[in-house]
Amino acid sequence: MSLAAPWTSFSDYHYLYLALAVVAVVVAVRAARRALAPIGPVVRAIAAVAGVAFAVGAAFVLVIAAVVSGS
């Protein structure tokens, strides 16, 4: 008996495997959401800081571009 022989019969149940994978992903997402809930405000604060940094960086680049194109 080949080692691959038992695995070939499992291919008949690919819809079952797909359904189990979906259930596993849903459970994982729900668990991750519960785990990350306490740090939600921290994540939002980091996102706000990143947005401010991007805006300041873009303004700096535009000022430099204005200076270079004016000279």
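Being a predicted model, the structure only gives us computed values, none of them experimental.

What follows is about the overall build of the protein. Counting its regular elements, the protein contains 3 helices and 0 strands. Walking the protein from its N terminus toward its C terminus, one meets helices and strands in the order α-α-α. Buried positions account for 1% of the 71 residues belonging to the protein. A total of about 6,200 Å² of accessible surface is found on the protein, and carbon and sulfur atoms cover 80% of it.

To continue, consider a nonpolar patch on the surface. Taken together, Leu-36, Ile-39, Val-42, Val-43 and Ile-46 make up a surface patch of nonpolar side chains, about 450 Å² in accessible area. Considering the arrangement of structural elements, one finds Val-43 in helix α3 (residues 40-70). With relative accessibility at 47%, the residue Val-43 sits in the partly exposed group.

Definitions and limits used
Residues numbered from 1 in each chain as written. Predicted model: local features only at pLDDT ≥ 70, side-chain atom pairs only at ≥ 80, totals over all residues. Heavy atoms only, no water. Helix = DSSP H or I, 4+ residues; strand = E, 2+ residues; numbered from the N terminus. Buried < 20%, exposed > 50% of the residue type's maximum accessible area, 1.4 Å probe, protein only. Areas by Shrake-Rupley, 256 points an atom, 1.4 Å probe, with all protein chains shown as cover. Patch = residues over 30% accessible without salt bridge, like charges linked within 9 Å, V, L, I, M, F, W, Y side chains within 5 Å. Salt bridge = Lys/Arg side-chain N within 4 Å of Asp/Glu carboxyl O.

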